[in-house]
Amino acid sequence: VINLVIINFYLIEIGFLVGFGNNYWQDELDYFIYGNILFLFIFLIDMIISPLKAYYKNGILIDKRVVIFKRYVRFGLWLDIIGYIGVLVPYISLSYISNYFKLLFVTKLFNAYELDQYLSMMIKNHFKRSHWYSISRVVYIALLWSHYLGIGFFAVSYMVYSNNLYGPNTPNHCWIYNSSIDIQIGNSHWIVQYFYALYYAVGNITTIAYGDIVPLNPIECVFIIFSMILSVLLFTYLFKEILEIIF
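If you're wondering where the values come from, they're calculated on a predicted model, not measured in any experiment.

Draft legend 1. Structural view of the overall build of the protein chain. Per the secondary structure count, the protein chain includes 7 helices and 2 strands. Principal-axis analysis of the C-alpha atoms places the extent of the protein chain at approximately 65 × 50 × 25 Å. For the protein chain, with 247 residues in total, the buried portion stands at 40%. Counted over contacts in the protein chain with a minimum sequence separation of 6, partners at least 24 positions apart contribute 66%. For the protein chain, the centre of its 14 positive side-chain charges and the centre of its 14 negative side-chain charges are spaced 19 Å apart.

Draft legend 2. Examining the pattern of salt bridges more closely. On inspection of all chains with the given rule, the structure shows 6 salt bridges. Across the pair E13 and K102 runs a salt bridge whose closest N-O atoms are separated by 2.6 Å. Placement of the pair is E13 in helix α1 (residues 2–31) and K102 in the loop between α3 (65–93) and α4 (109–123), with a sequence separation of 89 residues. This pair shows no difference in class: E13 is buried, exactly as K102 is. Between E241 and K240 there is a salt bridge, and its shortest N-O distance comes to 3.4 Å. For E241, a relative accessible area of 14% puts it in the buried group. One salt-bridge network, in which partners are shared between bridges, spans D116, R137, K240 and E241.

Draft legend 3. Seen up close, unusual backbone geometry. Positive phi values are uncommon outside glycine, yet L94 reaches one of about 60°. You can see L94 is positioned in the loop between α3 and α4. Owing to a relative accessible area of 44%, L94 belongs among the partly exposed residues under this scheme. Its identity is not glycine, yet N164 carries a phi of approximately 50°, on the positive side. For N164, a relative accessible area of 44% translates into the label partly exposed.

Draft legend 4. Examining the packing of α1 against helix α2 (residues 33–49) more closely. Viewed as axis vectors pointing N to C, α1 and α2 meet at an angle of 145°, and their least axial separation amounts to 12 Å. For the pair α1 and α2, the sense of crossing is left-handed. Residues I2, N3, I6, F9, Y10, E13, E28, L29 and Y31 of α1 lie in contact with α2, whose contacting residues are I33, N36, F39, L40, I42 and D46. For the contact of α1 with α2, a count of residues per class yields 10 nonpolar, 2 polar and 3 charged.

Reading the values: rules and limits
Residues numbered from 1 in each chain as written. Predicted model: local features only at pLDDT ≥ 70, side-chain atom pairs only at ≥ 80, totals over all residues. Heavy atoms only, no water. Helix = DSSP H or I, 4+ residues; strand = E, 2+ residues; numbered from the N terminus. Buried < 20%, exposed > 50% of the residue type's maximum accessible area, 1.4 Å probe, protein only. Contact = heavy atoms within 4.5 Å. Lys, Arg positive; Asp, Glu negative; His and termini not counted. Charge placed at Lys NZ, Arg CZ, Asp CG, Glu CD. Salt bridge = Lys/Arg side-chain N within 4 Å of Asp/Glu carboxyl O. Axes fitted to C-alpha atoms, helices over the stretch in contact; angles between N-to-C directions. Left-handed = near helix turned anticlockwise from the far one by under 90°. Nonpolar A, V, L, I, M, F, W, Y, C, P; charged D, E, K, R; others polar.

So this is what it looks like as structure tokens:
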């Protein structure tokens, strides 16, 4: 479970780094550097004990040590090494640009999938635990999608503004500088920017947005069109999962 938390922390953190850049990175170095060191240590311990961990394959528990070890060395070890390098390099160099190495961490998505399957199989015979886990899983997927959708919407608007695509009129064509919100979001702290980006994303995917934040240029509109299509597909899947929980 701890390993799953760490994997999801870095998946969320990558979004912050992409959307808010060096502003977020400096705050992380100032306020969460020791937390990251702890996560890296736990990550390393997990790599050491992974050859001993049983896993499910086609619903069957595989617990033979030799089989587990051979499988890990052949496949899992390399994914762990790549992912570990990806998160280690930025904390050695301390430079923002080195955070691009964290994109290597996507290799850990396979581990996240395996852990999810393992936990699901472990508790499938416990009705209440299984339902609570399924509900938590659906909520988390929805929030993670909202997280990336909001950050993506902010990043697109900031790209238009930073490249001055509309000359002196550019701020009027970017939602981060021209919305019905009382504050100028583009000049706020990254936490405030994230709050409003997430607020828009949740309103967008739940179709109950209030119109105080809207796309104001073609690039923002294209981003929202594709995000709406993906949101419909995602929520079709989540709706199916909810029906399975209920029935």
